[in-house]
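Geometric and topological summary
Next come the chains, spelled out residue by residue.
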Amino acid sequence: MTDAAHRPLGGEPPVGVTQALARFATGTCPEAGRHTAAVVQALVDTVGVAVAARGRDGEPILRAWARPDSPPGRATVWTTGGTTSTTVAALLNGNAAHVLDYDDISPSMPMHPSAVLLPALVAVAEAGCLPPTRLVEGYTTGAAAFRALAEILPQEDHYARGWHTTSTVGRLATVAALARLLGLSEDVTRNALGLASTLASGARSNFGSMTKALHAGVAARDAVMAVELAAAGFTSNPGEVEAEGGFLERLGEPGMAPPGDPADTLAERLEYWSASWPRDWGIKRYPACYGIHRALDAALTARDRIAGRTVASVDVQVHRTGTAPLRKEPPTDHLQAKFSLEHCVALALVQGGVGLADFESWDTWTDEVHDLASRVTLAEADVPAVGDAAYTDGFAVLTVHLADGEVVQERVDVTRGDGRNPMSDDELLVKFQDCCRTAGVDPETTAQLFQALSALPGQATTPDLSEVLRRHHHRGGLT
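Now for a quick tour of the structure.

Here is what the cut-offs are and how they apply
- Residues numbered from 1 in each chain as written.
- Predicted model: local features only at pLDDT ≥ 70, side-chain atom pairs only at ≥ 80, totals over all residues.
- Heavy atoms only, no water.
- Core = buried A, V, L, I, M, F, W, Y, C linked by side-chain atoms within 4.5 Å.
- Buried < 20%, exposed > 50% of the residue type's maximum accessible area, 1.4 Å probe, protein only.
- Contact = heavy atoms within 4.5 Å.
- Axes fitted to C-alpha atoms, helices over the stretch in contact; angles between N-to-C directions.
- Helix = DSSP H or I, 4+ residues; strand = E, 2+ residues; numbered from the N terminus.
- Parallel < 35°, antiparallel > 145°, perpendicular 65-115°, else oblique.
- Left-handed = near helix turned anticlockwise from the far one by under 90°.
- Nonpolar A, V, L, I, M, F, W, Y, C, P; charged D, E, K, R; others polar.
- Pairing = 2+ DSSP bridges.
- Arc of directions from axis to C-beta.
- Phe/Tyr/Trp six-rings, centres within 6.5 Å; stacked < 30°, edge-to-face > 60°.
- Lys NZ or Arg CZ within 6 Å of the ring centre and 35° of its normal.
- Polar contact = N/O pair within 3.5 Å; in protein donor to acceptor, adjacent residues only side chain to side chain.
- Salt bridge = Lys/Arg side-chain N within 4 Å of Asp/Glu carboxyl O.

Quick look at the nonpolar core
In this structure, Leu21, Leu121, Tyr139, Val175, Leu178, Phe247 and Leu266 are the most contacted members of the largest nonpolar core, which totals 100 residues. Leaving out residues up to four positions away in the same chain, Leu21 has contacts with Ala145, Leu149, Leu172, Ala176, Leu193, Leu266 and Leu270. Ala337, Val354, Ala373 and Val408 belong to the second largest nonpolar core, which has 40 residues in total.

Here it is as structure tokens:
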């Protein structure tokens, strides 16, 4: 890799990864307009899961901690309807969006793009009264950057080494998104990327604790801070991402990266993902780790076939690396249970669904669920035990052994809510209603809030979330 501070003499200096990303973020964005509907769904879903997090787990602790130092501002805190500065709003909303582990996903990569992108984008857009078209362009830019950067690390090695991609890659992707939103210059964007890159952190060892959600909030806050400082003239290494000891070397594995020049590869992948990210995006149907969702879909389908019969044991087979984000030990609380495939599958088979109420308290988990979970086994495989040997991003094969000796099997490759099998607007409304019900918002207020958020394309400026949420929170009794 070539450090930007040590360019060869003579001729045009080579384009590094940082510059390639900055050029993409500050150039034209012709694909954004056709992604408006997906961005609106992402906004509705992300605000919904953030509202549902009010008062749960670490959300009130972080909000109380931030309150004494929260300056006035135009950016909305989604869980209260109050307003504050862009950085504080990004921190609190990013954290809240990830608290329930119910935010959107990328089926091909372990990341939650909207929990970092939207808290930062909306806060900055509100503060600047920017039009919704700019918000859509910013999100599209960030969604492409998230995936392209993860690919050149490459993300398989990055994630396997214990890094939380949502937090690490999320900082740089969100800087790119904000650069598009604000129309920053290439030089300012490179400085902002250098700032965010040097702050990148977040460890998977904190999965199952309050700190996992904090990763998203801090990443969103750091991206806003990096952009605001760079715009004010603060400097960094403008080639930090590719520098010796820089982002790619520190957090990635250059020897395992795609062949060819990293900057050229990144530029090509950015263009690809700018057009294609909605096909690698999904809204979560269950408030648990996405690595469990295929198995949950399979369990609920199998349950309809075995109603009233006794289950002896259950085997679950997933694709290679499919167990990486999951708990290896039995959970001891409701947060850890979100990462236990065995417990979530048992819950689905026993009660016929997995909802927000199931993860509010460990005390609600019955002895029947715990007993069945102890009889669920999990293993990885290169080839699915059922059906075609080929698959794209992953699979889950669930085998239920009944007490009478019969065996029932179900296989799922693409979950409901995946961009290739998307939720309808009505299904999204059902999820949004469950989120608001969990937060104590009344049905009338919920319907009005859903409509206001869904009206993004028709607004002259980015949704007056401060007004919308404040009005609806007051009516719903959440202030």
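So, next bit.
Some points on the packing of helix 6 (residues 132–152) against helix 12 (residues 262–276)
Running from amino to carboxyl end, helix 6 crosses helix 12 at an angle of 140 degrees, the nearest separation of the two axes being 8 Å. Judged by the inter-axis angle, helix 6 sits oblique to helix 12. Every pair of crossing elements has a handedness; the one defined by helix 6 and helix 12 is right-handed. Contacts between helix 6 and helix 12 involve Thr140, Ala144, Ala145, Arg147, Ala148, Leu149, Glu151 and Ile152 from the former and Pro262, Thr265, Leu266, Arg269, Leu270, Trp273 and Ser274 from the latter. Split into classes, the residues belonging to the contact of helix 6 with helix 12 amount to nine nonpolar, three polar and three charged.

Side note on the pairing of strand 3 (residues 311–319)
Each regular strand carries side chains that alternate between the two faces of the sheet. With seven bridges connecting them, strand 3 and strand 5 (residues 396–402) associate as antiparallel partners. Following the sheet pairing, Val316 is matched in strand 5 by Leu398. Of the pairings in the sheet, the one linking strand 3 to strand 4 (residues 376–381) comprises six bridges and is parallel in character. What sits directly across from Val318, in strand 4, is Glu380.

Some points on the side chain of Gln336
Along the polypeptide, Gln336 turns up in helix 14 (residues 334–337). Aside from chain neighbours lying at most four places away, what touches Gln336 is Gly208, Arg327, Pro330 and Pro331.

Examining helix 3 (residues 59–66)
Within the span of helix 3, buried status applies to Glu59, Leu62, Arg63 and Ala66. Each buried residue of helix 3 lies within a common arc of 100 degrees when the element is viewed along its axis, so the set occupies one face. Seen from the open side of helix 3, the exposed residues pointing more than 90 degrees away from its buried face are Ile61 and Trp65. Those residues of helix 3 hidden inside the fold are in contact with helix 4 (86–99) and helix 10 (210–231).

Details of the packing of aromatic side chains
Aromatic ring pairs: the centre-centre distance and the angle between the two ring planes describe each pair. Going through the model one piece at a time under the given rule, you end up with eight aromatic pairs. Grouping aromatic residues by their ring pairs yields a cluster made of Tyr139, Trp277 and Trp281. Between the NZ or CZ atom of Arg180 and the centre of the ring of Phe24, over which it lies, the distance is 5.7 Å. In this structure, Arg204 is placed above the aromatic ring of Tyr159, and the distance from its NZ or CZ to the ring centre is 4.3 Å.

Focus: the sheet that holds strand 6 (residues 407–412)
If you walk across this open sheet you meet the four strands as 4-3-5-6, and the pairing is mixed. Strands with a single pairing partner mark the edges of an open sheet, and in this sheet they are strand 4 and strand 6. The average undirected angle you get between the axes of adjacent strands in this sheet is 15 degrees. Seen against the sheet, helix 13 (residues 293–305) touches strand 3, strand 5 and strand 6 and runs at an angle of roughly 140 degrees to strand 6.

With respect to the environment of Thr26
As for its placement among the helices and strands, Thr26 is situated in helix 1 (residues 17–26). Using a relative accessible area of 28% as the deciding quantity, one classes Thr26 as partly exposed. Note: C-alpha distance between Thr26 and Ala179 (153 residues apart in sequence) is 6.5 Å. The contact partners of Thr26, leaving out residues within four places of it in the chain, are Arg180, Leu184, Ser185, Glu186 and Thr189. Here Ala22 takes part through its backbone oxygen, which lies 2.8 Å from a polar atom of the side chain of Thr26.

Examining the pattern of salt bridges
In total, this model carries 24 salt bridges according to the counting rule given. Residues Glu151 and Arg269 are paired through a salt bridge, measuring 2.7 Å at the closest nitrogen-oxygen approach. With Glu151 in helix 6 and Arg269 in helix 12, this residue pair connects regions lying 118 residues apart in the sequence. Of the two residues, Glu151 and Arg269, both sit in the buried class. Among the salt bridges present, the one from Asp297 reaches Arg285, with a minimum N-O distance of 3.4 Å. Of this pair, Asp297 sits in helix 13 while Arg285 is found in the loop between helix 12 and helix 13, placing the two residues 12 residues apart along the sequence. Residue Arg285 is classed as partly exposed on the basis of its relative accessible area, which comes to 40%. A single network of salt bridges, built from pairs that share partners, joins Asp101, Lys212 and Lys284.

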